[in-house]
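If you want the building blocks of each chain, they are given just below.
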Amino acid sequence: MPIYYFEIADANPAIPCVGENLPSLAAARCFALKYAGLLIRDQGEVFWGGEEWVMTVSDVNHLTMFTIMICSTDAPATLNLKMLI
């Protein structure tokens, strides 16, 4: 089975690169979504800082297979709420 590497850019705190043996690129895509969801859930308040969150998935030759990019943005209606809190 091929090894796929899942690396998070500029995570604070740093998240180590994870390597997984998976049967196919489709399986790597499914794993990436599940893993990203877990990481974002665990980062809680850090995720809502407005910075782009990027996961790059590469193969054993360090060739990028795909990238997941997620960014959170507060709506203008919530900006006044922050001032009240």
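Residues numbered from 1 in each chain as written. Predicted model: local features only at pLDDT ≥ 70, side-chain atom pairs only at ≥ 80, totals over all residues. Heavy atoms only, no water.

The protein chain appears in an unreviewed UniProt entry as DUF6894 domain-containing protein from Sphingomonas faeni.

Scanning the protein chain for helices and strands turns up two helices and four strands. When its helices and strands are written in sequence order, the protein chain yields β-β-α-β-β-α. Looking at the 85 residues of the protein chain, the share that counts as buried comes to 27%. Looking at the protein chain alone, contacts between residues at least 24 apart form 36% of all its contacts between residues at least 6 apart. With the model as given, the accessible surface of the protein chain reaches about 6000 Å², and the carbon-plus-sulfur share is 61%. (Helix = DSSP H or I, 4+ residues; strand = E, 2+ residues; numbered from the N terminus. Buried < 20%, exposed > 50% of the residue type's maximum accessible area, 1.4 Å probe, protein only. Contact = heavy atoms within 4.5 Å. Areas by Shrake-Rupley, 256 points an atom, 1.4 Å probe, with all protein chains shown as cover.)

With 17 residues, the main nonpolar core has F6, A32, L39, W53, M55 and V57 as its most contacted residues. Of all the elements in the fold, those that place two or more residues in this core are strand 1 (3-9), helix 1 (25-43), strand 3 (53-58) and strand 4 (64-70). Among the elements that take part in this core, helix 1 stands out by supplying six residues, more than any other. Apart from the residues lying within four places of it in its own chain, the contact partners of F6 are P16, C17, V18, E20, L22, A28, F31, A32, Y35, M55, T56 and V57. (Core = buried A, V, L, I, M, F, W, Y, C linked by side-chain atoms within 4.5 Å.)

Here the structure, examined in full by the defined rule, presents three aromatic pairs. Between the aromatic rings of F6 and F31, the centroid separation amounts to 4.7 Å while the plane-to-plane angle is 55°, which identifies the pairing as tilted. Of this pair, F6 sits in strand 1 while F31 is found in helix 1, placing the two residues 25 residues apart along the sequence. Consider the rings of F6 and Y35, whose centres lie 6.4 Å apart with planes at 80°: the pair is edge-to-face. Of this pair, F6 sits in strand 1 while Y35 sits in helix 1, and the two are 29 residues apart along the sequence. You'll find F6 and Y35 in the same group, each marked buried. (Phe/Tyr/Trp six-rings, centres within 6.5 Å; stacked < 30°, edge-to-face > 60°.)

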